[in-house]
Amino acid sequence: MTDLATFIAGLPKAELHVHHVGSASPRIVAELAARHEGRTPVPADPAALAEYFVFRDFAHFIEIYLNVVDLIRDPEDVRILTYEVARELARQQVRYAELTITPYSHVRRGIPAPAFCEAIEDARKHAEAELGIVLRWCFDIPGEAGLPAAEETLRIALEERPDGLISFGLGGPEIGVPRPQFKPYFDQARAAGLRSVPHAGETTGPETIWDALRDLGAERIGHGISAAADPALLAHLAEHRIPLEVCPTSNLRTRAVASLDEHPLRALVDAGVPVSINSDDPPMFGTTLDDEYAVAARLLGYGPDGVAGLARSAVTASFLSAPEQARLIAEIDAYAAANPT
Ligand SMILES: O=c1[nH]cnc2c1ncn2[C@@H]1O[C@H](CO)[C@@H](O)[C@H]1O
């Protein structure tokens, strides 16, 4: 590994934009696909799976994503998947992660909401005790399933209210799925103390981000990369310290950007917009959080100091309490001081 890759590998981190099923490792997906042999289009062979995770466009990505969701059939699948995701994050020195989970997709496939929440909570507590990683949940609405999914996601969030639940999101396609229609659900989620973190500006323009800010009370934006096209929006995000959860390789693999060299991360940082670096659906995109820090370092021309700054920025953008943020930033500072390269 290069010096910088070694530095990144040991750097304490926070991950704020990573999807539960999207993080299913090829081994887990292959195991689940083998259990459902013949009843799933998802290949059980890890090599064939790498081919399967190549996407023509964003709509094709969601289609493949949902085929993997279909593999999650019972609470034990949920518990195993969640703990494995935690193990992979802890391997990368992630101390804190806000994991985006789409309960609607699993409940409608027959896993009862209480059992689903019990399974993720069991994995969360074991991960904290055994792996030293703190997990919190974002429950997100699969936008392609529309208002019925919004209704059900809000109901599960408020009625089950697992201890790890801290935020409410909106994922899936943006094209054909306007944000304003979800305002009543975000109003109720926020009134109940959940933080608002919808996706916006991933595959559509800056107006979707303005909608998410105005109508959904967004405190952070999932992706938000199209803000780079709107100087007034950049100034607004910078002035009000509204962070973007940037996932560079995701944007390349879903064709949200044509090439990494055209990724707007540099413009966002130059405009003073707070950004965190995230992996989104790492195995599906053939990446890891560490890889994403290396990509960001290349795009920004950063060395270890800049990379440590990206880790601090993610902690500052997180929903950790001020003392918890201070503690993790102190750990990052100590690591950077002990590893001058
Ligand atoms: O990069 C992404 N953008 C939008 N949605 C995503 C992404 N990765 C995973 N999902 C997930 O796809 C689910 C099924 O519709 C959505 O709920 C969202 O959580």
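The rules behind these values
- Sequence order as written defines the numbering, with residues in each chain counted from 1.
- Reporting in this predicted model follows two pLDDT cut-offs: at least 70 for local features of residues, and 80 or more for side-chain atom pairs to be given and counted; totals over whole chains, interfaces and linings ignore these cut-offs and use all residues.
- Each side-chain value is worked out from all heavy atoms of the structure, with water and hydrogens disregarded.
- Each residue carries a pLDDT score, the predictor's confidence in it, ranging from 0 to 100.
- At least two bridges found by DSSP between two strands is the condition for calling them paired.
- Numbering goes from the N terminus for both helices and strands, where a helix is a DSSP run of H or I of at least four residues and a strand is a run of E of at least two.
- Definition of nearness: a residue and a molecule or strand are near each other if at least one heavy atom of the residue lies within 4 Å of the molecule or strand.
- Two N or O atoms count as a polar contact when they lie within 3.5 Å, although within protein this holds only if one can serve as hydrogen donor and the other as acceptor, and sequence-adjacent residues are included solely when both atoms are side-chain atoms.
- For the accessible areas, the method is Shrake-Rupley and the probe is 1.4 Å, while residue cover comes only from the protein chains on display.
- Two kinds of site are reported from a 1 Å grid over the protein atoms alone, namely cavities, where a 1.4 Å probe fits but cannot get out, and pockets, open sets with protein on both sides within 12 Å along at least five of seven lines, and residues are called lining when an atom falls within 4 Å of a point.
- Think of it this way: if more than half of a molecule's atoms are within 2 Å of a pocket's grid points, that molecule is in the pocket or cavity.
- Stacked, edge-to-face and tilted labels apply to pairs of Phe, Tyr and Trp rings (six-membered ring for Trp) whose centres lie within 6.5 Å, assigned for plane angles under 30 degrees, over 60, and everything in between, in that order.
- Under the scheme applied here, a residue whose accessible area is under 20% of the maximum for its type counts as buried, over 50% as exposed, and between as partly exposed, the area being computed with a 1.4 Å probe on protein chains only.
- We count a charge as sitting over a ring when the NZ of a lysine or the CZ of an arginine lies within 6 Å of the ring centre and within 35 degrees of the ring normal.

A. Layout of the confidence of the model for the chain. Considering every residue of the chain, the mean pLDDT works out to 95; 99% of them sit at 70 or more. Under the prediction, the complex receives an ipTM of 0.94, its pTM being 0.95.

B. Structural detail: the sheet that holds strand β9 (residues 275-277). Pairing within the open sheet is parallel, and its four strands lie in the order β6-β7-β8-β9. In the strand order of this sheet, the two ends are held by β6 (199-200) and β9, each with one partner. The pairing of strand β7 (residues 221-223) with strand β8 (residues 244-246) spans two bridges and is parallel. Across the sheet, the residue bridging to G222 is E245, located in β8.

C. Expanded view of the site of the ligand. Residues in contact with the ligand amount to 18 residues; listed here are only the nearest, D140, E144, G172, D280 and D281. H19 is positioned with one of its side-chain polar atoms (N or O) 3.1 Å from an oxygen atom of the ligand. Interatomic distance of 2.3 Å between a side-chain N/O atom of E144 and an oxygen atom of the ligand. In the complex, 100% of the free accessible area of the ligand, which totals 410 Å², lies under the protein chains. Counting atoms within 2 Å of the grid points, the majority share of the ligand lands in the largest cavity. The element contributing the most residues to the shell around the ligand is helix α4 (residues 58-69), with five residues.

D. Spatial organisation of the packing of aromatic side chains. All told, the structure shown has nine aromatic pairs when counted by the stated rule. An angle of 80 degrees between the planes, with centres 5.2 Å apart, marks the rings of F55 and F61 as edge-to-face. Under the relative-accessibility criterion, F61 is labelled buried at 5%. The interplanar angle of 40 degrees and the centroid separation of 5.2 Å between the aromatic rings of F61 and F285 together place this pair among those described as tilted. Taken together, the residues span a long stretch of sequence, with F61 in helix α4 and F285 in the loop between β9 and α14 (289-300) at a distance of 224 residues. Its guanidinium or amino end placed over the ring of F319, R220 lies 4.3 Å from that ring's centre, counting from NZ or CZ.

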